[in-house]
Amino acid sequence: MPTRLVHLLIDAADPSGLAAFWAAALGWEVDSDEPEEVSVCPPGFSYPDPAVLPLTFVPVPDPKTVKNRVHLDLASASVADQEATVRRVRGIGAVPADVGQGQVPWVVLADPEGNEFCVLEPRPEYSDTGPIAAVVIDSADPVAMARFWAAAAGWPQRSADQEFASLRPAVAGGPYLEMLRSRDAKTVKNRMHLDIAPYRSDDQRAEVSRLRESGATAVDIGQGDVTWVVLADIEGNEFCVLSPR
C-alpha cells in the first residue's frame with residue numbers, strides 16, 4: 001500500500017501559543033502539548049484519519065523571512081460566514097497580509113507568527129471539507145507536482161493543468177491538497193511541510209526508495225538520528241516519511 005498524509009507540520013517560535021491560535025481559528029482543540037511538539041485536531045479525532053489533516057507545531061529558533069510556499073485556505077459557507085471568520089480570527093491575533101493579491105474575493109491574513117493564510121469566499125467544491133478547505137503549495141509545474149504527490153499522499157488527482165492542480169482523499173470529506181502556479185523560486189527551508197507515513201504493515205525503507213525513484217531527494221536539515229526520513233519533493237519542498245502507523 002502507498003504512503004498517506006498524516007499531518008501538516010508547522011515551525012514555530014512559540015508552538016503552544018501558535019497552536020492555541022489555530023485551535024481557536026478552526027474550532028479544534030489542542031490534543032497534546034509537549035516541549036518537542038504541540039498537536040491540534042478536531043474534537044473526537046482518532047489518529048490517523050484520511051479525512052482530517054491535523055496540525056503539529058514544533059519549536060524552531062529561526063525567524064520567518066519570506067512568504068511561505070505552503071499555506072492554508074479556510075472554507076466559508078456564505079459571504080456572511082466569511083466575514084464572521086475574518087472578524088473572529090483578527091480578534092485572536094491574525095493581521096491583514098499583502099502578497100500581491102490585488103482585488104480578490106478571498107481575504108489574505110497572517111497568523112501571529114506571520115504565516116499567510118486565506119479565508120475563501122463560499123465555493124461549492126469546499127462545502128464538505130471542514131474548516132480547512134485546502135493545503136496549497138506554490139509550484140513551478142502543478143501537473144508534475146500533482147503526479148508526485150498523488151503517489152506520496154495516496155490521494156487521487158481531481159484536476160490538473162499548467163496553472164492549478166488538486167488532490168483529495170478518496171473517502172468523503174477532508175481538505176484538498178492543491179498546487180498553484182508560481183514563478184517565485186524557493187530560497188529557504190519551508191516553515192510548513194507535510195508528513196506522510198506508510199501503513200502499519202508496510203516498510204518505511206521500501207517507501208522511501210519508491211519515492212526517491214519518483215524524484216524525491218534526501219535532505220539534511222539538521223535532523224540528526226531520528227526515526228523519520230527527511231526528503232524533498234521534485235521542487236525542493238521538504239517532507240518527512242514517518243515510521244509505519
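Scoring rules and cut-offs
Residues numbered from 1 in each chain as written. Predicted model: local features only at pLDDT ≥ 70, side-chain atom pairs only at ≥ 80, totals over all residues. Heavy atoms only, no water. 1 Å grid on protein atoms, 1.4 Å probe; cavity = no way out; pocket = protein on both sides within 12 Å on 5 of 7 lines; lining within 4 Å. Points joined across faces, edges and corners; volume = space filled by probe spheres on them. Helix = DSSP H or I, 4+ residues; strand = E, 2+ residues; numbered from the N terminus. Nonpolar A, V, L, I, M, F, W, Y, C, P; charged D, E, K, R; others polar. Buried < 20%, exposed > 50% of the residue type's maximum accessible area, 1.4 Å probe, protein only. Contact = heavy atoms within 4.5 Å. Core = buried A, V, L, I, M, F, W, Y, C linked by side-chain atoms within 4.5 Å. Expected span 1.5 Å × (residues − 1). Arc of directions from axis to C-beta. Pairing = 2+ DSSP bridges. Axes fitted to C-alpha atoms, helices over the stretch in contact; angles between N-to-C directions.

Chemist: Help me out: how do you make sense of the layout of surface pockets in this one?
Modeler: Regions of empty space are outlined by a rolling probe, equal in size to a water molecule, passed over the atoms. Here the largest pocket defines a volume of roughly 1100 Å³. Surrounding the largest pocket, 50 residues form its lining, Leu9, Asp11, Val58, Lys189 and His193 being those nearest its centre. Contributing elements (two or more residues each) for the lining of the largest pocket: β1 (4-12), β2 (29-33), β3 (38-41), β4 (55-59) and β13 (192-197). Class assignment of the residues belonging to the lining of the largest pocket gives a composition of 21 nonpolar, 14 polar and 15 charged. Lining the second largest pocket are 23 residues; nearest its centre among them are His71, Trp106, Cys118, Asp138 and Leu180. Those elements that place two or more of their residues in the lining of the second largest pocket are β5 (70-74), β8 (116-119), β9 (132-139) and β12 (176-181). Among the residues forming the lining of the second largest pocket, the class breakdown is 10 nonpolar, five polar and eight charged.

Chemist: I keep staring at the environment of Ala160 and nothing clicks. Help me out?
Modeler: Note that Ala160 resides in strand β10 (residues 157-160). We classify Ala160 as partly exposed; its relative accessible area is 38%. In the structure, Ala160 is positioned 48 residues away from Val208 in sequence and 25 Å away in space, judged by C-alpha atoms. The contact partners of Ala160, leaving out residues within four places of it in the chain, are Val143 and Ala165.

Chemist: Looking at this structure, how should I read the nonpolar core?
Modeler: Soluble, globular proteins show a tendency: their nonpolar side chains are buried together. Leu8, Trp22, Leu55, Phe117, Trp149 and Leu177 are the most contacted members of the largest nonpolar core, which has 50 residues in total. Broken down by element, this core gets its largest block of residues, seven residues, from helix α1 (residues 15-26). The residues touching Leu55, leaving out its near neighbours within four places in the chain, are Leu8, Ile10, Trp22, Leu26, Trp28, Val38, Ser39, Val40, Leu72 and Ile132. One finds Ala110, Leu120, Tyr126 and Val136 within the second-largest nonpolar core, a separate group that totals 11 residues.

Chemist: Any chance you could explain helix α2 (residues 79-91) here in plain terms?
Modeler: Given 3.6 residues per helical turn, the α-helix brings residues three or four places apart onto the same face. Under the 1.5 Å per step criterion, the end-to-end length of α2 is 18 Å for 13 residues, consistent within 8% with the ideal 18 Å. Looking at α2, one finds that the buried residues are Gln82, Thr85, Val86 and Val89. In an axial view of α2, the angular spread of the buried residues amounts to 100 degrees, which keeps them on one side of the axis. Counted as exposed and oriented over 90 degrees from the buried face of α2: Ala80, Arg87 and Gly91. In this structure, the buried residues of α2 make contact with α1, β7 (107-110) and β8. Just downstream of α2, Gly93 is the residue with a positive phi angle, here 130 degrees.

Chemist: It is not clear to me how the sheet that holds β8 should be interpreted in this structure. Could you clarify?
Modeler: The strands making up a sheet associate through backbone hydrogen bonding, with each pair oriented either parallel or antiparallel. The strand order across the open sheet formed by eight strands is β6-β7-β8-β5-β9-β12-β11-β10, and the pairing between neighbours is mixed. Each having just a single partner strand, β6 (95-96) and β10 make up the two edges of the open sheet. Two strands pair when backbone bridges link them, and β10 and strand β11 (residues 164-167) are joined in this way by three bridges, in the antiparallel orientation. Note that in β11 the partner of Ser159 across the bridge is Ser166. Set on the sheet, helix α3 (residues 142-153) makes contact with β9, β10, β11 and β12; between it and β12 the angle comes to about 155 degrees.

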